[in-house]
Amino acid sequence: EIVMTQSPATLSVSPGERATLSCRASQSVGSSLAWYQQKPGQAPRLVIYAASTRATDIPARFSGSGSGTEFTLTISSLQSEDFAVYYCQQYNSWPPLTFGGGTKVEIK
Amino acid sequence: QVQLQESGPGLVKPSETLSLTCTVSGGSISGSTYYWGWIRQPPGGGLEWIASVYYTGSTYYNPPLKSRVAISVDTSKNQFSLRLSSVTAADTAIYFCARAGGGYDPFDYWGLGTLVTVSS
């Protein structure tokens, strides 16, 4: 099983500032890495897939990078609607599909 | 626009079987390359993949749950289903159904989720 580890668990950021979230895989997943955004009471929403491709209707302030075992999600200028929990997921080697534990982006 | 909707009992007794159905609208569950999956999230917790199914009936399970889980697809009803047996309080969670674009794709469409509580 590929274990996904996200850091930090909580990120406190002021609106307009940059947020950088990390995701590490226990073994290489190539570029088969997705990021999801989840707001309270809602289903997860796909933000980034293939490590760096924005999903439909995702604003350009979201960007993903990395390959192999180290990945980053960057939100260049946080808007109020971006405060949420973000999960990474690998889909390179399964079963099982595995998610990281999540990073909560909160208002500083 | 594809939509997924979970349905099933919100309360299940310990040791009994949890049964959920996901109804897909706005697109066909059969054909193409789509995989259909179930993911759960305990209250205040993270996401855990449970199982996925291809329209042909091929199934894939998370090993820790494999002995208790069955996923199936009904193409005539455009639905897929989950059964989880011998439930305990640890199975209390929000259960989401979702679609992946292919066998090596992320989940791009999700249902709203349904809370299932295991309690006597």
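Quick caveat: nothing in here was measured; it's all calculated off a predicted structure.

(A) Region of interest: the pairing of strand S1 (residues 3–7) of chain B. All names here are of chain B. Taking every second residue as pointing to the same face, the buried face of S1 carries Leu4 and Glu6, while none of Gln3, Gln5 and Ser7 on the other face is buried. Relative to strand S3 (residues 18–25), S1 is paired through 5 bridges, and the arrangement is antiparallel. Bridge pairing links Ser7 to Thr21 in S3.

(B) Structural view of the nonpolar core. By size, the foremost hydrophobic cluster in this structure holds 45 residues, and its most contacted members are A:Leu21, A:Trp35, A:Tyr86, A:Phe99, B:Ile39, B:Phe107 and B:Trp110. When near neighbours in sequence (up to four residues on either side) are disregarded, B:Trp110 contacts A:Tyr36, A:Ala43, A:Pro44, A:Phe99, B:Leu4, B:Ile39, B:Phe96, B:Cys97 and B:Ala98. By size, the runner-up hydrophobic cluster in this structure holds 26 residues, among which are B:Val12, B:Cys22, B:Ile29 and B:Val87.

(C) Structural context of empty space enclosed by the protein. Under the definition given, this model contains 1 cavity of 30 Å³ or more. If you add up the space inside the largest cavity, you get close to 40 Å³. What lines the largest cavity is A:Trp94, A:Leu97, B:Tyr35, B:Ser52, B:Ala100, B:Gly102, B:Gly103, B:Asp105 and B:Phe107. For the lining of the largest cavity, the class distribution of residues is 5 nonpolar, 3 polar and 1 charged.

Quick notes on the rules
Residues numbered from 1 in each chain as written. Chains lettered and ligands numbered in written order. Predicted model: local features only at pLDDT ≥ 70, side-chain atom pairs only at ≥ 80, totals over all residues. Heavy atoms only, no water. Buried < 20%, exposed > 50% of the residue type's maximum accessible area, 1.4 Å probe, protein only. Helix = DSSP H or I, 4+ residues; strand = E, 2+ residues; numbered from the N terminus. Pairing = 2+ DSSP bridges. Core = buried A, V, L, I, M, F, W, Y, C linked by side-chain atoms within 4.5 Å. Contact = heavy atoms within 4.5 Å. 1 Å grid on protein atoms, 1.4 Å probe; cavity = no way out; pocket = protein on both sides within 12 Å on 5 of 7 lines; lining within 4 Å. Points joined across faces, edges and corners; volume = space filled by probe spheres on them. Nonpolar A, V, L, I, M, F, W, Y, C, P; charged D, E, K, R; others polar.

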